[in-house]
Structure formats: structure tokens, C-alpha cells
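Here are the chains, one letter per residue:
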Amino acid sequence: MVSRKAGLDAVAALELIEPAIRAKKGRKYKNSGVLQFLKCKTIVVPTFMDFVRGGCAMSLMVAIDFTASNGDPRLPSSLHYCHPYQPNEYVQAIQSVGNVLAPYDADQRFPAWGFGAKVPPAHRVSHCFPLNCNPNSPEVYGAQGIMDAYLYSLGQVQLHGPTIFSQILSSAVHHVRSNIVTQRNQQYHILLIITDGVINDMQDAIDRIVEASDIPLSIVIVGVGGADFKMMHRLDADDDPLRSRSGKVMSRDIVQFVPLREFKSQTSAFSLAREVLAEIPDQVTSFMKSKGFTPNPPRQAPSQQQPVSSAPPYQPSGYAPYPTATPQHLQGQPPYPTSAPYATAFAASAPYPTASGPSAPPYPTGQ
């Protein structure tokens, strides 16, 4: 490099020194050139926690697989079998993710759906039904509410099939779009899908995921059981971005797939949660950057934090902690019958449909 002095317009200059040449020339050697900095700018790259401290709400949605491939819930071999003292794999996944994300949600209301089951009163197969059996309000209250609604729904529906993702994804996209995100009102959504096998609408699911890559949504798929999850790894799209039928390529990676069986030997739920949520921070910051959003000033911590239930997450609490048309969930008024099979799920009967079944559906029938 030609040696020259720093110009007057340079804010900084750095001499380039070659030790070998300096040793040879001695005192006559000055430098091998000057690197001039004409302009310097500090760029602050915000982190995930910067957005959270600024009030960005993390909203959780849950979808649970009720297809017949899970096995008869009455049998210990079923993935939905409810042991009195040991959580099944669905409960493990809900607990690991729900307990981590729930404290970041201000209103503690989480949409929760099921798919792949026959739902009363018509007993027709539904690929997207509310876990609380309340079609007017699929939200449940708190992480424990997800557990309670899951167990309640397990006692009302009949496992069937096939495994369809597209309707769940469409409901999630609709929910996210109904919440307008701005610089001041920042919000990000995470859809947790817990499933046991291969999906039967791969291209439809891909189309929905590509659409969802433009909105504040991440999709976490937890695979339970010992099925072949090759197709799920395709949805993960870490190396090969998904492409819709129209040819549109996903704008960013929003899917994370984790097989639960890889964490069987680990007793701590933290290990599963860490793996499941590993890509969320980058997905949040990439979306905010794409919209030109920056973190808001840190908010003052609330005086009272939402308490986390210490009760085992796989045991029903005896009342419905999710919101209904009126704020009855805060008054301890359940919007569904508390008689069998839900209230006695771990007493003398199992939480699955029987020949007798409940005498009336737990939601409005229009009659």
C-alpha cells in the first residue's frame, strides 16, 4: 500500500506496519500505508430480551393431536393415557413450553385447539376444535388452563383421523392477523403443535407456513411417540426453504421441530424447553427488523407477578380457568359440567368417551 498521511476529512487513521520491512529499513521506515476512516457509525443490534423488556408480549397458542394413531386412551400404551402420578408425553410438552412462555403473556389467555377427533354432539371429525369445547371462545386461562382443557377435551371426543395441519395453521394465522402489531404495540405469537405422526396434507400445510412467514408467528412442532418424523424435518426447513404452490418462498424460517423421544433420558423439563425455544429469539428479532421495529423503552416491572401453580400439571383442578363470554373464570364458575368423566378422571374412571358418556354436550348446540 502506498504510504500517505491521513487527510483532513478522516475521522481516524491507522498506520499499516510491516515488521519485516521495518526491520530491514530501520529508522528510515515509517509505514506501509495509512488506513483512513472517513465515517464511523455505531449500529446497535437489538436482542430478543431488549424487545421483551420493552413490553413485547409473547403469546402462546396450542394445538394437540387427537388422532387414533395415538392409541386407545384406556390402555397404558396410548400416548394419551393418563397415569395418576406420571405425565404422558403430551403433558410433558405442554408443561415444558407453557411454563416458560406463560409469564411473558400479560392477559394469560391462550387459544388452545385439538385436531383429528370426532366431536360431540354431531360426532363428526374436526381438524380444528376448541379444547375447552367452547366454539365462541377457544382461549384458556394460564398454563394450568391448557392442562385442564386438554384433559377435559380428552373426556369428550373420540380419537379418529387423519392428521391434518392446514386448518390449525389457518386458525392460528387468523388469530395473529386479528392483533395489529405496531412500534408501540409489539406482540409475537408462538404456535405449539404436539403430534404423533406423519401429516396427510403436506402441501396445504406448506402453503399456510409460507403465508405465516410474513406475520409475527413462530411454529414449534413437538413429535411424541416413536413414529417416523422425516416429513416434520422437511417443515423445519433449516437448509431448504419452503415453497408454496404459487412459487412463493418463505420470507424467513419460522418452524422448529423437536422429537420428544430425544429427551426421554433427561428428567428436567428445562432441557426440552431450551431445545424447543432455541430458535425463537432470532425469529422474533428477524421479524421486528423486517418491519423496522426497534425495542421500546424498558417497562417497569409489575408489582405482582402472575403466580405459577405448583400443582402437578397433569391433574385436573376441578374448575375451568379459561375465559368464557363473561369473566366467570375469575369467579370459579365453570362453563361446563363438572361431573364425570372430567372431575373423576383419576378416581374410578378414565378421561375418555365411554358408552354412556355425558348426558349433554358441554357447549351451545343452537337448540
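One can find the structure itself at the top, above this paragraph.
> What should I look at first to understand the nonpolar core in this one?
As a rule of thumb, soluble globular proteins bury nonpolar side chains together. Counting residues in hydrophobic clusters, the biggest one holds 53 residues, and the most contacted among them are Leu-60, Ile-64, Phe-66, Leu-131, Tyr-150, Ile-190 and Val-276. Top element by residues in this core is helix α4 (residues 142-154). It accounts for seven residues. Dropping the residues within four chain positions of it, Ile-190 is found in contact with Met-58, Ser-59, Leu-60, Met-61, Leu-101, Leu-217, Ser-218, Val-220 and Ile-280. Residues Phe-165, Leu-217, Phe-229 and Phe-257 belong to the second largest nonpolar core, which totals 32 residues.

> Before we go on, may I ask you to explain the pairing of strand β10 (residues 187-195) in this structure?
Every other side chain in a regular strand lies on the same face of the sheet, so the side chains alternate between the two faces. With nine of nine residues buried, β10 is to be regarded as a mostly interior element. Alternating positions in β10 separate into two faces, Gln-187, His-189, Leu-191, Ile-193 and Thr-195 on one and Tyr-188, Ile-190, Leu-192 and Ile-194 on the other, with burial throughout. Where strand β3 (residues 57-65) and β10 come together, eight bridges link them in parallel fashion. Its bridge partner being in β10, Ala-57 is matched across the sheet by Gln-187. As judged from the seven bridges shared by β10 and strand β11 (residues 217-223), these two strands associate in the parallel manner. The partner of His-189 across the bridge, within β11, is Leu-217.

> Even after reading the chapter, I still don't get the environment of Val-11, so can you show me in this structure?
Position of Val-11 relative to the elements: it lies in the segment before β1 (12-15). What makes Val-11 exposed here is its relative accessible area of 55%. With 28 residues separating them in the primary sequence, Val-11 and Lys-39 have C-alpha atoms 6.5 Å apart. Beyond its immediate chain neighbours, meaning those up to four positions away, Val-11 contacts Phe-37, Leu-38, Lys-39 and Cys-40.

Calculation notes
- Residues numbered from 1 in each chain as written.
- Predicted model: local features only at pLDDT ≥ 70, side-chain atom pairs only at ≥ 80, totals over all residues.
- Heavy atoms only, no water.
- Core = buried A, V, L, I, M, F, W, Y, C linked by side-chain atoms within 4.5 Å.
- Buried < 20%, exposed > 50% of the residue type's maximum accessible area, 1.4 Å probe, protein only.
- Helix = DSSP H or I, 4+ residues; strand = E, 2+ residues; numbered from the N terminus.
- Contact = heavy atoms within 4.5 Å.
- Pairing = 2+ DSSP bridges.

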